[in-house]
Amino acid sequence: MEAIILGSGSGVPQTDRHLSSILIRKEGSSVLADCGDGCTKRLLEHKISPDELDAVFITHYHPDHVSGLFMLLQWQYLAGRTKPLYLFLPERPSVIMDILHIMYTFSEKFPFKLHVLDMEQTELYFDWISSTNTDHLYGYANIIREHSLHNQMKSYSLKFTGDNGDLVYSSDLETTDCIAEFITGVDTIIVDAGHPDAEQILKLKYRDIRRIVLTHGISPSLQTRRDELDKDYFELAREDCVYVV
Ligand SMILES: [Zn+2]
């Protein structure tokens, strides 16, 4: 199994990093975890054909994780993709379909079948991929309640099982504690270092994880403790590098 980080930037656009997106390949299967703005161009740079992807997983609906989805679908539609595509969404899939309709993008016109599914159904379709809900969006509870909104505060981490171990992509987190059980025994974790407190990242080195890859920027509190990011345990995400598990 291999993972290629197409985008490792935070939600603040930068000139030297792309927005969140990771390509994972395993035994002839290819999936994309998150679709930050520009992910289609990144796929083209890696010479990915419109038919290669089997599934797309959107961990949560912040723009830096979902904004590239619409161009990805337009590309596959106009490029004449024929293979079915499985799209796993964190909550309210029908709202995403409504957004596609606003953009005059109608799945009925696609030359391929688009299966729109809830993230909780992942393992039914891909037995080597699982997900767990995280605490990333819980801070919105008050505003959602106050305005009687339908947001469900769903944000997911994903686990990919390879022949030689598991890889977890945490996506965005408030704490790493919320995925403590999920990452037990994994080989590699690509973890959000931009949101959690320094302590939440530094404690990962006691978890017996072979490779801890820090993505999505470095939080201010971790910046002040950068000298504690022991190179034996931590590495900064490198876009285009192939991480093999
Ligand atoms: Zn983000």
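Residues numbered from 1 in each chain as written. Predicted model: local features only at pLDDT ≥ 70, side-chain atom pairs only at ≥ 80, totals over all residues.

## Quick notes on the overall build of the protein chain
Step number 1: A tally of helices and strands in the protein chain yields 8 helices and 13 strands.
Step number 2: A compact globule built from 245 residues would reach a C-alpha radius of gyration of about 18 Å, and the protein chain, at 18 Å, matches this within 12%.
Step number 3: Oriented by its inertia axes, the alpha-carbon framework of the protein chain measures out at about 55 × 45 × 35 Å.
Step number 4: Counting only contacts in the protein chain whose residues sit at least 6 apart along the sequence, the fraction spanning at least 24 positions is 58%. (Helix = DSSP H or I, 4+ residues; strand = E, 2+ residues; numbered from the N terminus. Rg over C-alpha atoms; globule rule 2.2 N^0.38 Å. Contact = placed C-beta atoms within 7 Å.)

## Brief notes about the environment of Gln152
Step number 1: In this structure, Gln152 sits in the loop between helix H6 (141-146) and strand S8 (156-162).
Step number 2: The class of Gln152 is exposed, set by 12 C-beta atoms lying within 10 Å.
Step number 3: For the pair formed by Gln152 and Glu91, sequence separation is 61 residues and the distance between their alpha carbons is 6.8 Å.
Step number 4: Setting aside anything within four residues of it in sequence, one finds Gln152 in contact with Glu91 and Arg92. (Buried ≥ 20, exposed ≤ 12 C-beta atoms within 10 Å, placed from the backbone.)

## Some remarks on helix H3 (residues 69-78)
Step number 1: Of the residues making up H3, those classed as buried are Leu69, Leu72, Leu73 and Gln76. Burial along H3 is one-sided: seen end-on, the buried residues are contained in an arc of 95 degrees.
Step number 2: Residues of H3 that are buried in the fold lie against helix H1 (39-45), strand S4 (55-57), helix H2 (63-66) and strand S5 (85-89).
Step number 3: Phi turns positive, to about 80 degrees, at Gly80, one or two residues after H3. (Arc of directions from axis to C-beta.)

## A word on the environment of Thr122
Step number 1: Along the polypeptide, Thr122 turns up in helix H5 (residues 122-125).
Step number 2: Classification of Thr122 as buried rests on a count of 22 C-beta atoms within 10 Å.
Step number 3: Between the C-alpha atoms of Thr122 and Leu158, which are 36 residues apart in sequence, the distance is 9.7 Å.
Step number 4: Those residues in contact with Thr122, other than ones at most four positions away along the chain, are Phe88, Ile129, Ser130 and Ser131.

## Remarks on the sheet that holds S5
Step number 1: The strand order across the open sheet built from 7 strands is S6-S5-S4-S3-S2-S1-S13, with neighbouring strands paired in mixed fashion. At either end of the open sheet lies a strand with only one pairing partner, and these are strand S6 (114-118) and strand S13 (242-244). Strand-to-strand twist in this sheet, taken as the mean axis angle between neighbours without regard to direction, amounts to 20 degrees.
Step number 2: Bridge count for S4 against S5 is 3 bridges, and the pairing is parallel. Note on S5: the bridge partner recorded for Val56 is Leu87. (Pairing = 2+ DSSP bridges. Axes fitted to C-alpha atoms, helices over the stretch in contact; angles between N-to-C directions.)

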